[in-house]
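# Chains, contacts and geometry: an overview
In case you want the letters, here they are:
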Amino acid sequence: MSDQPSTAPPTAATSSQHGLRAVWRQRGPGAWLLWPVSKLYGALQGWNARRMQSRQQSAGVPVIVVGNVIAGGAGKTPVTLAVVAHLKALGWQPGVISRGYGRKTTDCREALPHSPASEIGDEPALLARSTGVPVFVAAKRIDAARALRDQYPQVDILVSDDGLQHHALARDVELCVFNDEGVGNGFLLPAGPLREPWPRPVTATLFAGQPPRPLGSAPVFSMQRQLASTARNARGEQRALADFGNQEVEAVAAVARPESFFAMLRAQGLRPASTQALPDHYDFESFSRNLDADKPLICTEKDAVKLWKTHPDAWAVPLELSLPAEFWHLLDAKLTALCPSDGNRR
């Protein structure tokens, strides 16, 4: 079977995203044409960072920021999930804060397990359903942090999903995540993918694929990512992913790099008859299938929080992440230094 491309309207936007990423891979004519604009962006970004740092506010508990310096997805949310699980295993009582990108609301609010993604953002929706810890969203992370701690005073550590450039929030640990595209051509936006100059000081750099160049001075750790062996639908039914290997299935992904999800499915033995690559944070309100409704529909776990509203039979496949023991030792040592009396709770 050969993949049938998407015919949905968002394809044009997705193609534009792919075209821009192609420009960002090397310092070609397109990148150099945009380079003067990136110099202006860099000056404004630096000024804003210094302004926010001068007004930095503390959340009152240790804060771990999981972010990136490149535009688009780099795998931050899976790292956040892993960090929260690790903290819980140590006896911490973590909470999660996020901007809630893509939501239609603008206030500070709690993301509950059954909150619509349109009200809290798709990543917070996934985090609320998967972690079992309090999750709050706000445009200003300090507002989310304070609201969360007011309602859940037992929370003794916060993890910020994204927010590396949100310098107004004081942080104790910064984890910078890269996908296998690294820093691309090394230019700032819009000539390249960088939101801010790299390298910059962080606690640790995490990467999938090849390590980013230049590396910077922080310890660098490789992430291993793969799809889980089982998928589940909105009713909580589970099915082995391998069972779909001999079926005609449709795969859909509305993430920063949908082709990576499709490649992972093929690595697990699936051969989708149709793939739909939609823009990151797509709301699925106008989504229509390429194949008949009786054919299995496979999606990412992040997309399921929106897709299940109209397609409860869609099978979501979680992304599993593993990090080396050396990384966890580094994180534990940092927390012990911050809180000598209880930093290592095992």
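Residues numbered from 1 in each chain as written. Predicted model: local features only at pLDDT ≥ 70, side-chain atom pairs only at ≥ 80, totals over all residues. Heavy atoms only, no water.

Relative placement of two packed helices is described by the angle separating their axes and the distance separating the axes. With their axes 12 Å apart at the nearest point, helix α3 (residues 76-90) and helix α9 (residues 325-338) run at an angle of 60° to one another. It follows that α3 is oblique to α9 by the angle criterion. As α3 runs across α9, the sense of the crossing is right-handed. Residues Ala82, Val83, His86, Leu87 and Leu90 of α3 form the contact with α9, whose participating residues are Trp328, Leu331, Asp332 and Leu335. (Axes fitted to C-alpha atoms, helices over the stretch in contact; angles between N-to-C directions. Helix = DSSP H or I, 4+ residues; strand = E, 2+ residues; numbered from the N terminus. Parallel < 35°, antiparallel > 145°, perpendicular 65-115°, else oblique. Left-handed = near helix turned anticlockwise from the far one by under 90°. Contact = heavy atoms within 4.5 Å.)

When the UniProt feature table is mapped onto this chain numbering, "binding site: ATP" (unreviewed entry) sits at Ile70, Ala71, Gly72, Gly73, Ala74, Gly75, Lys76 and Thr77. As for its position among the elements, Ala74 is in the loop between β1 (63-67) and α3. When near neighbours in sequence (up to four residues on either side) are disregarded, Ala74 contacts Asn68, Val177, Phe178, Asn179, Met223 and Arg225. Here Lys76 shows up in helix α3. (UniProt positions renumbered as here; feature names shortened; annotations may be inferred.)

In this section: the packing of aromatic side chains. What the rule picks out here adds up to 10 aromatic pairs. Plain terms: the ring middles of Phe178 and Trp198 are 5.1 Å apart, the flat faces sit at 70° to each other, and that makes the pair edge-to-face. Within this pair, whereas Phe178 is found in strand β6 (residues 173-178), its partner Trp198 is found in the loop between β6 and β7 (204-207), the two being separated by 20 residues in sequence. In terms of burial, Phe178 and Trp198 fall into one category: buried. Between Phe261 and Phe262, the ring centres sit 6.1 Å apart and the planes meet at 55°, which makes this aromatic pair tilted. Linked through ring pairs, Trp32, Trp35 and Phe187 together constitute an aromatic cluster. Sitting over the ring of Phe244, Arg239 keeps its end group 4.1 Å from the ring centre. (Phe/Tyr/Trp six-rings, centres within 6.5 Å; stacked < 30°, edge-to-face > 60°. Buried < 20%, exposed > 50% of the residue type's maximum accessible area, 1.4 Å probe, protein only. Lys NZ or Arg CZ within 6 Å of the ring centre and 35° of its normal.)

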